[in-house]
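# Working through the structure, step by step
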Amino acid sequence: MTTKKTDKDYSIYFQPPSLSDAKKRGKEDIAVHYNFDIPEDMRSIGENKFYLIQTYGCQMNEHDTETIKGLLEQMGYRATEDRQQADVILLNTCAVRENAEDKVFGELGHLSHLKREKPSLILGVCGCMSQEESVVNRIMKKHPFVDLIFGTHNIHRLPHLVKEAMFSKEMVIEVWSKEGDIIENLPKKREGIKAWVNIMYGCDKFCTYCIVPYTRGKERSRRPEDVIAEVRDLARQGFKEIMLLGQNVNAYGKDFEDRKYGLGDLMDEVRKIDIPRVRFTTSHPRDFDDRLIEVLAKKGNLMEHIHLPVQSGNNEILKRMSRKYTREHYLELVRKIRQAIPDAVLTTDIIVGFPGETDEQFEDTISLVKEVEYDSAFTFIYSPREGTPAADMEDNVPYKVKQERLVRLNDTLNVYSKRNNERLMGQTIEVLVESESKYNPEVLAGRSRTNKLVHFEGPKELIGTFVKVKVTETPTFYIKGDWVREAVTH
Ligand code: SAH
Ligand code: SF4
Ligand code: F3S
């Protein structure tokens, strides 16, 4: 731990991150704590005050934001959408690609004005970017008006850190490079009808392009009984869908020493809980085992949608990415899934322009897409991340070529998205109605079991319920249909 002299004393609140420490994976056991509580003297700090949190990045971050909101509300703060009204503004950041980081730095520029107008405002940066040394150094140099920086491992310390930031003249920085323990009973402010549930934290895969294993620490699984208790509680509260979350969700249980228990076993138990829909993300092809396929094939509340990032269709690139599977292994996995669950919808993540990727290697990705016929995909141009092995690999592919590859890849993917949607024409599908459509309040938006976006006309009262919709139109990115007035039991 590094300390710096402040105007008060040596403070523990100057603890910057270290990427090299973050890389080290210890064998030490992860302790689980069940006794989290906010000290009495911090429970009224936020009375008559407001907070606003802007979240970037993945569902893990969205879910962390729910915890942060829960903590702030237990301190007396209330939510606001109005920046002028906010007494605490936090940016919960993502480090996965450069453009994600650029957005945050841009936002800090805007917020500097607000801070000048209202010096009592506490402006904080948290999430994955805070775990990077270069980011913390840049904020200290270029954005010295930031009051607080904390990381992904010490969210539960927020009450102490907010209190310190209120009284300190210096920037309060507390980032733990190595993961902490699992804290079970943190408050969470969930909204809507869908709930996220963490089943594990961290990632040990170290794909050579990826920053996540550094920002999120080593793989730690929550105890099955804790996950199940949380899901049961969410079912009792009336949530309609839960999403089990992990960076590498099917490595679940690998770190248990006292039992052999994996994601398949967990899903088999969650299946029996009375919650209408259960999903999980994100799977790593290497850890997707037969037990999981067997359990998913039982269906019921387990949805027939599997997000299975492939990243590339070329073995040499997969090797240099350190993905730990081959194209053949991936395709065999797809075959097994389709055999067990014929109507399974597969989606994926793909990176183009990895350092040194040749035209031929990129063509292998195109041919894999044609073979798997994905329903949709998230596609990215490779973005070098400081401190990762790929950032040091020679890259002779011009950016323009990478952009062209991205366009070609997306065009290819769209052919199959459209074709797969067209197959649904005339069918009646079950939809969980989520909201009014963003573009037209007459239209409702929901999701099919396979997670496809469905639009149809119907009364607002249907929001939060399950309905049947007959598919009438199939544009590439969503489905249109007619509400079938027929009861759905859930
Ligand atoms: N844990 C998940 C998701 C990680 S981040 C998984 O393993 O699939 C989500 C996606 O971002 C990745 O699947 C990958 O396609 C992309 N990604 C990660 N690092 C990237 C980088 N440096 N440049 C471009 N895309 C990246
Ligand atoms: Fe990143 Fe790979 Fe881990 Fe996914 S599995 S989070 S891509 S290191
Ligand atoms: Fe981004 Fe961190 Fe998620 S880097 S993708 S917010 S784990």
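Reading guide: rules and limits
Residues numbered from 1 in each chain as written. Chains lettered and ligands numbered in written order. Predicted model: local features only at pLDDT ≥ 70, side-chain atom pairs only at ≥ 80, totals over all residues. Heavy atoms only, no water. UniProt positions renumbered as here; feature names shortened; annotations may be inferred. Helix = DSSP H or I, 4+ residues; strand = E, 2+ residues; numbered from the N terminus. Pairing = 2+ DSSP bridges. Axes fitted to C-alpha atoms, helices over the stretch in contact; angles between N-to-C directions. Contact = heavy atoms within 4.5 Å. Patch = residues over 30% accessible without salt bridge, like charges linked within 9 Å, V, L, I, M, F, W, Y side chains within 5 Å. Areas by Shrake-Rupley, 256 points an atom, 1.4 Å probe, with all protein chains shown as cover. Salt bridge = Lys/Arg side-chain N within 4 Å of Asp/Glu carboxyl O. Lys, Arg positive; Asp, Glu negative; His and termini not counted. Charge placed at Lys NZ, Arg CZ, Asp CG, Glu CD. Buried < 20%, exposed > 50% of the residue type's maximum accessible area, 1.4 Å probe, protein only. Near = heavy atom within 4 Å. Nonpolar A, V, L, I, M, F, W, Y, C, P; charged D, E, K, R; others polar.

- Looking at an unreviewed UniProt entry, one finds the chain named tRNA-2-methylthio-N(6)-dimethylallyladenosine synthase and attributed to Paenibacillus gyeongsangnamensis.
- In its Sequence similarities (unreviewed entry) section, the UniProt entry covering the chain states "Belongs to the methylthiotransferase family. MiaB subfamily."
- Regarding the chain, the UniProt comment filed under Subcellular location (unreviewed entry) reads as follows: "Cytoplasm".

### Looking at the UniProt feature "domain: MTTase N-terminal" (unreviewed entry) in the chain
- According to UniProt, the positions carrying the feature "domain: MTTase N-terminal" (unreviewed entry) are residues 49–167.
- Strand forms 19% of residues 49–167 and helix 47%; the C-alpha atoms that close the span are 16 Å apart.

### Some thoughts on the sheet that holds strand β16 (residues 345–352)
- Reading across the sheet, the three strands line up as β15-β16-β17 and stay open at both edges, with parallel pairing between neighbours. Looking at strand neighbours, the two that pair on one side only are β15 (305–307) and β17 (376–381), the edges of this open sheet. When strand polarity is set aside, the average angle formed by the axes of neighbouring strands in this sheet is 10 degrees.
- Together, β16 and β17 form the strand contacts of helix α13 (residues 399–422), whose direction differs from that of β17 by roughly 180 degrees.

### A word on a negative patch on the surface
- Taken together, the side chains of E28, D29, D255 and E257 make up a negatively charged region of the molecular surface.
- In this fold, E28 is placed in the loop between α1 (19–23) and β2 (32–33).
- Assessed through its relative accessible area of 44%, E28 is described here as partly exposed.

### Topic: the pairing of strand β21 (residues 466–473)
- Relative to β21, strand β18 (residues 428–436) runs antiparallel, the two being bridged by five bridges. By the bridge assignment for β21, L432 is matched with F466.
- Relative to strand β22 (residues 479–484), β21 runs antiparallel, the two sharing five bridges. Note that in β22 the partner of K470 across the bridge is D482.
- Taken together, β21 and the strand that follows it, β22, pair antiparallel across an intervening segment of five residues.

### Considering the side chain of Q131
- Take Q131: it is sitting in the loop between β6 (122–127) and α4 (133–142).
- Residue classification places Q131 among the buried positions, given a relative accessible area of 2%.
- Leave out the neighbours within four places in its chain, and Q131 touches P17, L19, G151, T152, H153, V175, W176, S177 and T215.

### Considerations on the site of ligand 3
- Neighbouring ligand 3 are C58, N61, C94, A95, V96, C128, R216 and Q247.
- The residue inventory of the shell around ligand 3, partitioned by class, reads five nonpolar, two polar and one charged.

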